[in-house]
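The lines below spell out each chain.
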Amino acid sequence: MRGMRVSKKIPALVPAALAALALLLPAAAVSAQQNPDISSLIGLNLEEAFERLGAPAQVYVLRGTEPEQDDVVFYYSSHLYLFWYGNRVWQVRTDRRYPGQVFSLYMGDPREQVIETLGRPILELEDCLVFHVEDRGYPVQARLYFEDGALSDLYCFRGDL
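All of these numbers come straight from a predicted model, not from anything done at the bench.

Draft legend 1. View of the overall build of the protein chain. Secondary structure assignment for the protein chain yields five helices and eleven strands. Taking as baseline every contact in the protein chain between residues at least 6 positions apart, the subset at least 24 positions apart corresponds to 47%. A total of about 8600 Å² of accessible surface is found on the protein chain, and carbon and sulfur atoms cover 53% of it.

Structure (C-alpha cells):
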C-alpha cells in the first residue's frame, strides 16, 4: 500500500549477500543515490538497480492486507526507498531526510512552490498532491505529502498497479 511504513526485516542473510555484491559494483553508484531521476527508477530489475544505486543499506518486507500487496523494500542511506513487486521496482520513495532534489524540489519546500514547479496536480487533498509524471506504456504518478505546508514525503509509482 502506498505510504505505509516498513514493518518487518528480511532475514540477515539477504542484507549480507547484498553487501557482498556491493563490493563488485562501481563507487559511482553511491553518488547516484543523491540525485537520481526518480521516475526512471520505476521498472528497473535487480541488476539495473544495483548498477545505478549500488547495494541498499537495509532490506525490509512490507506486508499488505492481501498477498499481492506485499513488497520488498530496499532502503538506501540517502533516505531513498525502492519498492519491489514481480522482480521490478514499482514505487520509489524519498522521505523528509532526503538531501537531494526530486523533480527540481527539495524536501521542506512549501506547497505553493511545488505547484509552481510541477503545475496543476491531478488530485489535491489536504495533506498531499498527486501529479501525472509521464507515460511509458503505463502511467507514472507522484504523490507528494506535506506537513505544516512543507514537502515531507514523496512517492513516485506506477499508477496502474
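Draft legend 2. Seen up close, the pattern of salt bridges. Applying the stated criterion across every chain, the model contains eight salt bridges. Across the salt bridge formed by Asp-70 and Arg-63, the nearest N and O atoms sit 2.7 Å from each other. Owing to a relative accessible area of 45%, Arg-63 belongs among the partly exposed residues under this scheme. Between Asp-153 and Arg-93 there is a salt bridge, and its shortest N-O distance comes to 2.8 Å.

Draft legend 3. Spatial organisation of unusual backbone geometry. One non-glycine residue, Asn-87, adopts positive backbone phi at about 65°. Tracing the chain through its elements places Asn-87 in the loop between strand 4 (80-85) and strand 5 (88-95). What makes Asn-87 exposed here is its relative accessible area of 65%. Positive phi, close to 55°, is recorded for Asp-148, a residue that is not glycine. Relative to the helices and strands, Asp-148 resides in the loop between strand 10 (139-147) and strand 11 (150-158).

Draft legend 4. Summary view of helix 4 (residues 46-53). Taken as a whole, helix 4 has its buried residues at Ala-49, Phe-50 and Leu-53. For helix 4, the angular spread of the buried residues around the axis is 100°, confining them to a single face. N-cap assignment for helix 4: the residue whose side-chain oxygen lies 3.1 Å from the backbone N of Glu-47 is Asn-45.

What counts as what
Residues numbered from 1 in each chain as written. Predicted model: local features only at pLDDT ≥ 70, side-chain atom pairs only at ≥ 80, totals over all residues. Heavy atoms only, no water. Helix = DSSP H or I, 4+ residues; strand = E, 2+ residues; numbered from the N terminus. Contact = heavy atoms within 4.5 Å. Areas by Shrake-Rupley, 256 points an atom, 1.4 Å probe, with all protein chains shown as cover. Salt bridge = Lys/Arg side-chain N within 4 Å of Asp/Glu carboxyl O. Buried < 20%, exposed > 50% of the residue type's maximum accessible area, 1.4 Å probe, protein only. Arc of directions from axis to C-beta. Polar contact = N/O pair within 3.5 Å; in protein donor to acceptor, adjacent residues only side chain to side chain.

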